[in-house]
Amino acid sequence: MPEDKISHRAAEPVGAFPHAKRVGDLLFLSGIGPRVRGSKDIPGVTMDGARNVKDHDIAAQTHAVFENVRLVLEDAGAKWSDIVDVQVFLTHMKRDFATFNKIYAEYFAGEGKPNPTRTTVEVGALPTPIAVELKVIAFLGSR
């Protein structure tokens with residue numbers, strides 16, 4: 001039976017869905033962004049007085065989204081090394097891909113780090129004024 005998993009440390013979901021759902025040995029994370037729990041703050045986003053995005057710092061958002069993913073994984077009983085698949089959604093592929101990819105390698109490539117499959121696509125917009133969102137699948141085994 002699928003089991004909803006909620007994190008009380010990561011940013012709240014922006015809709016009526018859980019942070020993650022465990023089905024058998026797999027943990028499926030909902031789309032995770034770089035938002036800050038309990039606020040409308042988004043690391044690396046500069047807004048004007050009307051709350052329109054003026055600019056964004058993809059490096060700050062990338063580190064923040066990885067932190068939210070880590071928190072959701074831990075609160076669901078998983079760890080970073082359990083990640084087997086990552087889907088990346090960027091709103092500005094041409095501008096942000098190289099920076100995102102460099103930071104991604106810090107978290108995922110190298111000895112003792114997971115090397116999951118990955119898909120990266122550009123999207124026209126995300127549900128809040130963020131420039132990156134991740135969709136992650138982790139393998140938990142018989143835990």
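Refer to the structure above for everything that follows.
Residues numbered from 1 in each chain as written. Predicted model: local features only at pLDDT ≥ 70, side-chain atom pairs only at ≥ 80, totals over all residues. Heavy atoms only, no water.

Counted by the stated rule, this structure contains nine salt bridges. With a shortest N-O distance of 3.0 Å, Glu 74 and Arg 9 are connected by a salt bridge. Within this pair, whereas Glu 74 is found in helix H1 (residues 58-75), its partner Arg 9 is found in the loop between strand E1 (3-5) and strand E2 (20-23), the two being separated by 65 residues in sequence. The partly exposed category is assigned to Arg 9, whose relative accessible area is 39%. For Asp 96, the salt bridge identified is with Arg 95, shortest N-O distance 3.5 Å. A relative accessible area of 2% means that Asp 96 is categorised as buried. When salt bridges that share partners are traced, they join Arg 9, Glu 67, Arg 70, Glu 74 and Asp 75 into one network. (Salt bridge = Lys/Arg side-chain N within 4 Å of Asp/Glu carboxyl O. Helix = DSSP H or I, 4+ residues; strand = E, 2+ residues; numbered from the N terminus. Buried < 20%, exposed > 50% of the residue type's maximum accessible area, 1.4 Å probe, protein only.)

For Leu 126, the location among the structural elements is in the loop between strand E7 (117-122) and strand E8 (132-139). Take Leu 126: its relative accessible area is 15%, and that puts it in the buried class. With eleven residues separating them in the primary sequence, Leu 126 and Ile 137 have C-alpha atoms 20 Å apart.

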